[in-house]
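So you can see what is in the structure, the chains are spelled out below.
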Amino acid sequence: MLIALLVMSFIALALGAVLGFSALKFRVEGNPLVDKIDAILPQTQCGQCSFPGCKPYATAIAAGEADINRCPPGGEEGIRKLADLLGKEFIPFGEDTAAPKPKSVAVIDENTCIGCTLCIQACPVDAIAGAAKQMHTIIAVECTGCELCVAPCPVDCITMVPLPQTLQTWKWQYPEDAQEKKAP
Amino acid sequence: MFPPFTTQASSVREIMFKVLLALLPGIALYVWYFGPAILVSITLASLTALATEAVMLKLRRRPLAPFLSDNSALLTAWLLALSIPPLAPWWLVVVGTMFAISVAKHLYGGLGSNPFNPAMVGYAVLIISFPAYMTHWLAPQGLGQLELNFMQQLGYIFGGHFPAGVTVDAVSMATPLDTLKTQLHSAHSMGDILQMPVYGNLGGKGSEMVALGFVIGGIYLLANRIISWHLPLTFLAALFATAGAFYLFDPAHYAPPLFHWFSGAAMLAAFFILTDPVTSPTTIRGKFIFAAGAGFLTYIIRVFGGFPDGVAFATLLMNMCVPLIDAYTQPKVFGKKGEQ
Amino acid sequence: MRKLHTFHGGIHPAEHKLESSAQPSLRAPLPQRLVLPLKQHIGSAAKALVQAGDKVLKGQLLAAAEGMLSAAIHAPTSGTVAAIDFHAVAHPSGLPELCIVLQPDGEDRWLEHAGFDYRALPRDELLNRLRDAGIVGLGGATFPTHVKLNNAQHIQTLILNGAECEPWITTDDRLMCERAAEIVQGIEILRYLAQPADTLIGIEDNKPQAIAAMQQACAGSGIEVVVIPTLYPSGGEKQLIKILTGKEVPSGGRPLNIGVVCSNVATAFAIHRMVNHGEPLISRLITVTGNVKSPRNIEALIGTPIAELVQLAGGALEDANGYIVGGPMMGLEVTNAQLPVVKGSNCIIVKSDKLFPAPPPALPCIRCTRCVQVCPAELQPQDLYWFARAKNLGKAQSYNLFDCIECGACSYVCPSNIPLVQYYRFAKSEIWANERDKEAANLARERHEFHLLRIEREKQDKADKLAQKEKAALAAKAAAATQAQPIPSQPAQSQPAPDPATVSATDAVAIDALRAQVREIAHPEAKHTKE
């Protein structure tokens, strides 16, 4: 009994020492996990996850403070990738999270715009060009579709327009198969 | 419609049907040597399987027609019925089949998604839950102390009672494999044991002929390319090699390899159970590993385990390894052969 | 006899070649209208050089190759450009594409053209002429030929693909029967460009007439006609190379990586027409077969509507229900008979339920591995299906999804009738889309980081400026105070003293700017309170 206790405590001590040593020896500077998570997130910077941007959300996930199912623009594939990276189970979108929408870009109605610059300040990726009292316009290729400019507009001149399908963005459809069709 | 617009006329139904067809020689010989009771259990199992399949499909909201007619439930039923003693109360085969279809097949996602061979799961459940019923096998005709006619057998299967004065031990006997084990325990030598009337030329009297029937069916399946040779031949080779090694080591205590081939469910396993595509590996190397493991484990469980036969547990244990085997035996694809 | 090699798998679908291969080919009359998509090839669309209303001659350049990977488009006949507009094309998306619509004038008047001596031209110039003549691979992939040959010099083997393994299609067969000598002249040009050690023509043994014709035409030229067993997809580029040379094109690579260039016999014919006759690629041979009265091959102008070709083949029979553009294994089903044929269209099959019955509903995969047995890319189709169906794209990719050539052999043998290829296409296009998204995300991340940096810097600048202004204001005050005191010891001013009025004026401007800045800084808060 005593020997068993001693052996076990010795093993525990030895392993602890190894762990402690390797923690010092193989210390990683910075937090590469945050970057890996950030690489999966779609970078819309939309804040739908309740964090002020993708990086803060990535930091929160890495710290274990946020679930991986809070990013609607990333879609289910995004959740799956995060689950893979973190060795977690796939979880569907939470009920408090907005449903994923088709990718859209913001469009400013140039007749209504009063040039207040509020949307320019709201845009997280500087994709709106314009100056005070000048009409603004959105650089469509740089717009992430985050919708953050929609709310600040005092004259409601910004609308979200789903991206039209082109030959470049066209995708083969998921085959409808009989086994997925449920009998009535 | 998706390309290709032309396809080969083949279907799951046809494949399963041919497997059922291939079982017929074995079944015919079974009837010849052991009487028609097996037909009763096959019928019972088939009806139960179809009914359970229908209920499960309904519960899972899947269309009935394509799945009920794919013959896969029937195949499970036949394999299970062939694995358990024919002279058993009706509920034994019914419970086993229901478990096989509902739990082992449908709870895992139905056709194509079950990791374990449903018939073997049914067998395992029965032998663990009702070991007493699972050891009373019919004696081959001419060997039992007395023989029941078909009506009397039906009376036992459905009524649960023998004619007055008859006990279960009088009409049934242990399987050749069981006899071997108990006789070896009572310190008889292998040579003497194999001279007992229950043994035939290769394995058990009668049962060796049934095994031969399964071989004939297996050859039919191989010829029709329903199964590939990798699984059956590797399994038989592994069983032969393991048995041969032990036999060479101590012929007085270990049965010759051919005996292991032709007793128990070895041939049924080689051609019909291991070859279930759903629960076996898809890569060629994987098939070798899987079947070799099954052959080895079958021998080990038979000789050193507590169960009458090792096929079912060997199959289930190897089924468990299939995803792993597949993942680690991926072949090199076209244009990547030079890569390390 | 050359030693033939084999590739893994392959299938033997019913050939259905005799229907159309026995008839001599027919030259189609001028169609009512020609529709020429600007993108008929792999790469970027050609750039239109004409405008609606322009009169053009046969063979005139209508659209020039744009960018590195592109090919030119020419007028198949003389006439008027009716429009340059979006028009339905044979594309699985069903999306319209930019097309030049040409109204033939019926005169079929050629632009002045003539052949030239290619041996007198520098290699680059010859390749440029191939590009300007719009020559692309006519086997179906439509890869611009000048790009393929660009780095192909002193290669080991030049392979001419006359295998034509897909059922129903017989264009290469007919072309080899009827134009063997001209094909060989085209091959000579290819040999001049690529300088191969060996030149081989691979033809499946179900085309004895074509084999005989080619053998006769090749006699004494050093070109070897190799008869290969009929097995689908032996006409796949990688498969044919394996059969003839035993070498495998590396995954993700090109035949050139192993010293091989592979070209279709019809492409060689087109090169011959261009070089020796000065004719750009404006027509091609097309098999029209299936549910038509008299299946045959038709030499049609690029841009001819499907309907006119079907009419030339005797018209569709009564139970026709659509068309397959391409072969039955890899083709595309369309219903619109007004779609134009393009450079890559080698076959039009009129469908019927009898010839192409709809498959029964798909059942689950039972892992029977028949697909593994036939897969020419040596993949595990059942695993790819499993991952693609679960949308587990990363896993599908790591199981070599992109080595799939979409030949359809797996679906052909699948007892569960699963549309496997469709799953692979779905998975591939999802992965491509994800890569595009990834690029967009990286751009957005960069811009966001810059945005944050900018805000930070502006804040800093403002704070600095504020501090500076305060300092300046203080200094100005101090200066004003000292200036108020008379300095008698400075009678002679070497420098004019700053005028107090101007100082105060610049100050006022600065303060105004400061106020504006402060307002700007305060703006967010103001916005919040407003909300």
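Owing to the predicted nature of the structure, the values given are computational and were not obtained by experimental measurement.

### Side note on the overall build of chain A
In terms of helices and strands, chain A carries five helices and four strands. When the helices and strands of chain A are read in sequence order from the N terminus, they spell out α-α-α-α-β-α-β-β-β. Whereas a compact globule of 184 residues would reach a radius of gyration of roughly 16 Å, chain A reaches 24 Å, over 25% beyond that. The C-alpha extent of chain A, read off along each of the three principal axes, is 85 × 55 × 30 Å. Buried positions account for 35% of the 184 residues belonging to chain A. Excluding contacts between residues fewer than 6 apart, the proportion of contacts in chain A whose partners are at least 24 apart in sequence is 50%. As displayed, chain A has an accessible area near 11,100 Å², and 62% of this comes from carbon and sulfur atoms. Across chain A, the centroid of the 14 positively charged side chains sits 5 Å from that of the 20 negatively charged ones.

### Some points on the nonpolar core
Ranked by size, the top nonpolar core spans 95 residues in total, and within it L23, L82, F235, L268 and F272 of chain B carry the most contacts. It is helix α1 (residues 12-34) of chain B that provides the largest number of residues to this core, a total of 10 residues. Looking at this core, you find at least three residues from each of domain 1 (10-173) and domain 2 (199-329) of chain B. Core analysis: the second largest hydrophobic core is formed by 47 residues, F116, L160, C177 and A210 of chain C among them.

### Regarding the pattern of salt bridges
Residue and element names in this part refer to chain C. Within the structure shown, the criterion is met by 32 salt bridges over all chains. When the shortest N-O distance is used, the salt bridge between K428 and E406 registers 3.0 Å. Taken together, the residues K428 in helix α14 (residues 420-484) and E406 in the loop between α12 (393-398) and α13 (409-413) connect sequence positions 22 residues apart. Neither residue differs from the other here; K428 and E406 are each classed as buried. Here the salt bridges share partners, and the residues they tie into one network are R27, R179, E182, R273, E279 and E299.

### Digging into the domain arrangement of chain A
Residues and elements named next belong to chain A. Here chain A is partitioned into domain 1 (32-86) and domain 2 (104-162). Using only C-alpha atoms to locate each centre, domain 1 and domain 2 end up separated by 25 Å. The interface of domain 1 with domain 2 comprises four residues on the first partner and five residues on the second. Carbon and sulfur atoms supply 60% of the area that domain 1 and domain 2 bury against each other, a total of about 340 Å² over both sides. Looking at the side of domain 1 facing domain 2, the largest losses of area belong to T44, Q45 and C46, adding up to 86% of the total buried there. Linking domain 1 with domain 2 are zero salt bridges. By residue class, the composition of the side of domain 1 that touches domain 2 is one nonpolar, three polar and no charged.

### With respect to helix α7 (residues 237-245) of chain C
Every α-helix winds through 3.6 residues per turn, so residues three or four apart in the chain are directed the same way. Residues and elements named next belong to chain C. In terms of burial, α7 is a largely internal element, eight of the nine residues being buried. Buried within α7 are the following residues: K238, Q239, L240, I241, K242, I243, L244 and T245. On its buried side, α7 packs onto β9 (157-162), β10 (198-204), β11 (223-228) and β12 (260-264).

### Considering the packing of helix α4 (residues 72-83) of chain B against helix α15 (residues 266-273) of chain B
All names here are of chain B. In contact at an axis separation of 11 Å, α4 and α15 are set at 170° when each is read in the N-to-C sense. When the interaxial angle is binned, α4 and α15 end up roughly antiparallel. Judged by residue contacts, L79, L82 and S83 of α4 engage L268, F272 and I273 from α15. In terms of residue class, the contact of α4 with α15 is made up of five nonpolar, one polar and no charged.

### A word on a nonpolar patch on the surface
Residues and elements named next belong to chain A. The grouping of I3, V7, M8, F10, I11 and L15 at the surface amounts to a nonpolar patch, some 650 Å² of accessible area in total. Along the polypeptide, I11 turns up in helix α1 (residues 2-25). Overall, I11 belongs to the partly exposed group, its relative accessible area being 38%.

### Details of the side chain of S72 of chain B
Residues and elements named next belong to chain B. Turning to its location among the elements, S72 is positioned in helix α4. Residue classification places S72 among the buried positions, given a relative accessible area of 6%. Non-local contacts of S72, meaning those with residues more than four positions away in its chain, are made with M16, E53, K105 and L111.

### Some thoughts on the sheet that holds β10 of chain C
Adjacent strands of a sheet pair through backbone hydrogen bonds, lying either parallel or antiparallel. Residue and element names in this part refer to chain C. Overall, parallel pairing links the four strands, which are arranged β11-β10-β9-β12 in an open sheet. Two strands bound the open sheet, and with one partner strand each, they are β11 and β12. Strand-to-strand twist in this sheet, taken as the mean axis angle between neighbours without regard to direction, amounts to 25°. Examined bridge by bridge, β9 and β12 share five bridges and lie parallel to one another. Bridge pairing links L158 to V261 in β12.

### Here we look at unusual backbone geometry
A cis amide bond, omega -5°, links P3 of chain B with the succeeding residue P4 of chain B. Its location among the elements puts P4 of chain B in the segment before α1. A positive phi angle, close to 55°, is found at R367 of chain C, a residue other than glycine. Tracing the sequence through the fold places R367 of chain C in the loop between β17 (347-352) and α10 (370-374). The phi dihedral of E406 of chain C is positive, around 60°, even though this residue is not glycine. Overall, the relative accessible area of 17% leaves E406 of chain C in the buried class.

### Here's the deal with the environment of T275 of chain B
Residues and elements named next belong to chain B. With respect to the helices and strands, the residue T275 is situated in the loop between α15 and α16 (284-304). Along the backbone, T275 and I226 are 49 residues apart, and their C-alpha atoms lie at a distance of 9.3 Å. Separated by 2.7 Å, the side chain of T275 and the backbone oxygen of F271 make a polar contact.

### Overview of the confidence of the model for chain A
Parts of the prediction with low pLDDT should not have their coordinates interpreted in detail. Within chain A, residue pLDDT values average 84, and 93% of them lie at 70 or more. Segment residues 177-184 of chain A: pLDDT under 50, and 19 contacts once partners within four positions in sequence are set aside and those in other chains are kept.

Definitions and cut-offs
- Residues numbered from 1 in each chain as written.
- Chains lettered and ligands numbered in written order.
- Predicted model: local features only at pLDDT ≥ 70, side-chain atom pairs only at ≥ 80, totals over all residues.
- Heavy atoms only, no water.
- Helix = DSSP H or I, 4+ residues; strand = E, 2+ residues; numbered from the N terminus.
- Rg over C-alpha atoms; globule rule 2.2 N^0.38 Å.
- Buried < 20%, exposed > 50% of the residue type's maximum accessible area, 1.4 Å probe, protein only.
- Contact = heavy atoms within 4.5 Å.
- Areas by Shrake-Rupley, 256 points an atom, 1.4 Å probe, with all protein chains shown as cover.
- Lys, Arg positive; Asp, Glu negative; His and termini not counted.
- Charge placed at Lys NZ, Arg CZ, Asp CG, Glu CD.
- Core = buried A, V, L, I, M, F, W, Y, C linked by side-chain atoms within 4.5 Å.
- Domains from an automatic or database assignment.
- Salt bridge = Lys/Arg side-chain N within 4 Å of Asp/Glu carboxyl O.
- Buried area = accessible area lost by both parts, 1.4 Å probe.
- Nonpolar A, V, L, I, M, F, W, Y, C, P; charged D, E, K, R; others polar.
- Axes fitted to C-alpha atoms, helices over the stretch in contact; angles between N-to-C directions.
- Parallel < 35°, antiparallel > 145°, perpendicular 65-115°, else oblique.
- Patch = residues over 30% accessible without salt bridge, like charges linked within 9 Å, V, L, I, M, F, W, Y side chains within 5 Å.
- Pairing = 2+ DSSP bridges.
- Polar contact = N/O pair within 3.5 Å; in protein donor to acceptor, adjacent residues only side chain to side chain.
- pLDDT = per-residue confidence, 0-100.

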